[in-house]
Amino acid sequence: MSKFLYLIICLLPLSLSAQWSHQLQFGFVLGSDKSHASARVADTLIFSYSKAGLNYPSGSFMTTLPINEKWLFRTGIDGSKTTVDVRVHNTRTRNDIYYERRTVADMHIPVEVQYEASKGFYLNSGFSVNPRLEFTRAPQTGFLETNTGNDEFEDVAYNSMREVSFNYRVGTTVKFFPWLGVDLMYDRPFASLVKPLKLGGDEKEVKFKYGVWTARIVYFFEWQKLKNSLNRNEGKVKKDFW
């Protein structure tokens, strides 16, 4: 997973060359679809995953390179917080046998193309590599039906989430001013975010994936112009001071 982060870090110096433009973005996750999936792992036991919580902050640093007058290439890194609940439910007693809450940072390393449909209005499309960094993992046992078998369920839950996924992305970027705009994006995994569950010698598929909508305010800038402006201002301050 770390190789993808190393790759984007290595590309940052290249992106700061004069040919690239840059975008700092900050906003929120607006919503998600298909946020629950489950699989029956025994006659009376169901293993389920659900995405919890919305309106989490989301940030991004993107760089763009013009291809021609209408088309641009865009890459960078963005991320947001995601909370996933994992449960094992007994359908006979209608109680949970195991439950944990996991909080991860969903990182996106996209490769996109932008098409300027009209002045300041861009259509975006592409895909991304999504490594996930786990923040917290909190198994809950105090209110459960029984502790029998919890260790086995905990081991299965711990190893079940994929550390990396591949997503497709679509959206739009609008420039209100040369330096300010908004970015609306939707992304969704190609495959399930959960590996096949191995429990009791059998494998069960859980098709757990969700699309996410994000909305961010965008600050547009060019590194070389910003650097030159900062240098001029620094020289003026020194001159005025002395």
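All chains use their own residue numbering, which begins from 1 and follows the written sequence. Confidence filtering applies because this is a predicted model: local features only for residues at pLDDT of at least 70, side-chain atom pairs given and counted only at 80 or more, and all residues used for totals across whole chains, interfaces and linings. Side-chain calculation: all heavy atoms of the structure are included, whereas hydrogens and water are not.

Visitor: I'd like to hear about unusual backbone geometry, residue by residue, with values.
Guide: A positive phi is found at R94, a non-glycine position, where the angle reads about 60°. Helix numbers and strand numbers start at the N terminus; a helix is a DSSP run of H or I with at least 4 residues, a strand a run of E with at least 2. As for its position among the elements, R94 is in the loop between β5 (71–90) and β6 (95–118).

Visitor: Before we move on, can you summarise the pattern of salt bridges with the specific residues and values?
Guide: Opposite charge on two side chains permits them to pair, given that their charged atoms come into close proximity. The salt bridge criterion pairs a side-chain nitrogen of Lys or Arg with a carboxyl oxygen of Asp or Glu, the two atoms within 4 Å. Tallied over the full model, the rule gives twelve salt bridges. A salt bridge links D183 to R74; the nearest nitrogen and oxygen atoms lie 3.1 Å apart. Remark: R74 occurs in strand β5 and D183 occurs in strand β9 (residues 180–189); sequence separation between them is 109 residues. Each residue is assigned to one of three classes by its accessible area relative to the maximum for its type, calculated with a 1.4 Å probe on protein chains only: buried under 20%, partly exposed between the two thresholds, exposed over 50%. Overall, R74 belongs to the buried group, its relative accessible area being 0%. Within this structure, R74, D78, E112, R169, D183 and R216 form a network of salt bridges that share partners.

Visitor: Give me the pairing of β5: which residues, what numbers.
Guide: Strand residues, when the strand is regular, have side chains that alternate between the two faces of the sheet. For β5, the tally of buried residues reaches 14 of 20 residues, placing the bulk of the element in the interior. Criterion used throughout: strands pair if DSSP finds at least two bridges between them. As paired elements, strand β3 (residues 45–52) and β5 share eight bridges and run antiparallel to each other. Among the inter-strand pairings, K51 is bridged to a residue of β5, identified as V84. Count of turn residues in the strand β4 (residues 57–66)/β5 antiparallel hairpin: four residues. Of the strand pairs in this sheet, β5 and β6 are connected by 18 bridges, and their pairing is antiparallel. Among the inter-strand pairings, D78 is bridged to a residue of β6, identified as H108. Adjacent in sequence and paired antiparallel, β5 and β6 are bridged by four residues, among which R94 carries a positive phi angle near 60°.

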